[in-house]
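Chain and residue survey
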Amino acid sequence: MAEATERPRSRLIFILPGLVFLALAGLFAVQLFSGRNPAELPSVLINKPVPTFNLAPLDGLVANGQAVPGLSNEDLKGRVTVVNVWASWCGPCRQEHPLLVDLAKDPSIRVVGINQRDNTDNARRFLGSLGNPYAAVGVDPNGRTSIDWGVYGVPETFIVGPDGTIRHKHIGPLTPENLGAFKERLRQIPRA
């Protein structure tokens, strides 16, 4: 009798891994073919006010003979603002930088930066060699403000409406391939 109960159990040992594999394969297939962009992770901060913060300026950064100011949540009210979280040590930040410089040429958009966990001299050299698209740069030396914004890693770029609410979050570098969709999101935000 003991032999009869062992046979179904031994069959189950061989069948169970196959069933688990099929279930996982099905889950992966659904995710793969769902049409959802994996770079667009949902953010609980969309359509919520930006977190409260006040960041010091990047020491020694000058544009047009004037010191570039730091950044606070109050600075993000009144007009559409692109907030780019970046660092000089970030390769993809270097890749997207020319696109930010071009984006900053649009007078209807204000581009600002949060410099995350960076060396001041390196950050200043980065902007000196590649150009400074930022109207303001706040220094986030320990990454605390970036965490409050829900940043997973640099670069990440946000669109903030004139009312100070986060309207869009872009994870990863802006590229020529995704810049058109990003600009379309910008166009959809009502101006003040």
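This text goes with the structure placed above it.
Residues numbered from 1 in each chain as written. Predicted model: local features only at pLDDT ≥ 70, side-chain atom pairs only at ≥ 80, totals over all residues. Heavy atoms only, no water.

Right, let's talk about the sheet that holds strand 7 (residues 137–140) for a bit. The strand order 7-6-5-8-9 describes an open sheet built from 5 strands, whose pairing is mixed. At either margin of the open sheet sits one strand with a lone partner, and together these are strand 7 and strand 9 (166–171). Looking at each pair of strands side by side, their axes are set apart by 20 degrees on average, direction ignored. One ladder, built from 5 bridges, connects strand 8 (residues 156–160) with strand 9; its direction is antiparallel. Note on strand 9: the bridge partner recorded for Thr157 is His170. (Pairing = 2+ DSSP bridges. Helix = DSSP H or I, 4+ residues; strand = E, 2+ residues; numbered from the N terminus. Axes fitted to C-alpha atoms, helices over the stretch in contact; angles between N-to-C directions.)

Turning our eyes to something else, we now look at the packing of aromatic side chains. Following the criterion strictly, the structure yields 4 aromatic pairs and no others. Ring centres 5.9 Å apart and planes at 70 degrees place the aromatic pair Phe53 and Trp149 in the edge-to-face group. Taken together, the residues span a long stretch of sequence, with Phe53 in the loop between helix 1 (2–32) and strand 1 (54–55) and Trp149 in the loop between helix 4 (144–148) and strand 8 at a distance of 96 residues. This pair shows no difference in class: Phe53 is buried, exactly as Trp149 is. Taking the centre distance of 4.8 Å and the plane angle of 65 degrees together, the rings of Trp149 and Phe158 count as edge-to-face. The buried category is assigned to Phe158, whose relative accessible area is 0%. (Phe/Tyr/Trp six-rings, centres within 6.5 Å; stacked < 30°, edge-to-face > 60°. Buried < 20%, exposed > 50% of the residue type's maximum accessible area, 1.4 Å probe, protein only.)

No statement about biological role is implied by the geometric values presented.
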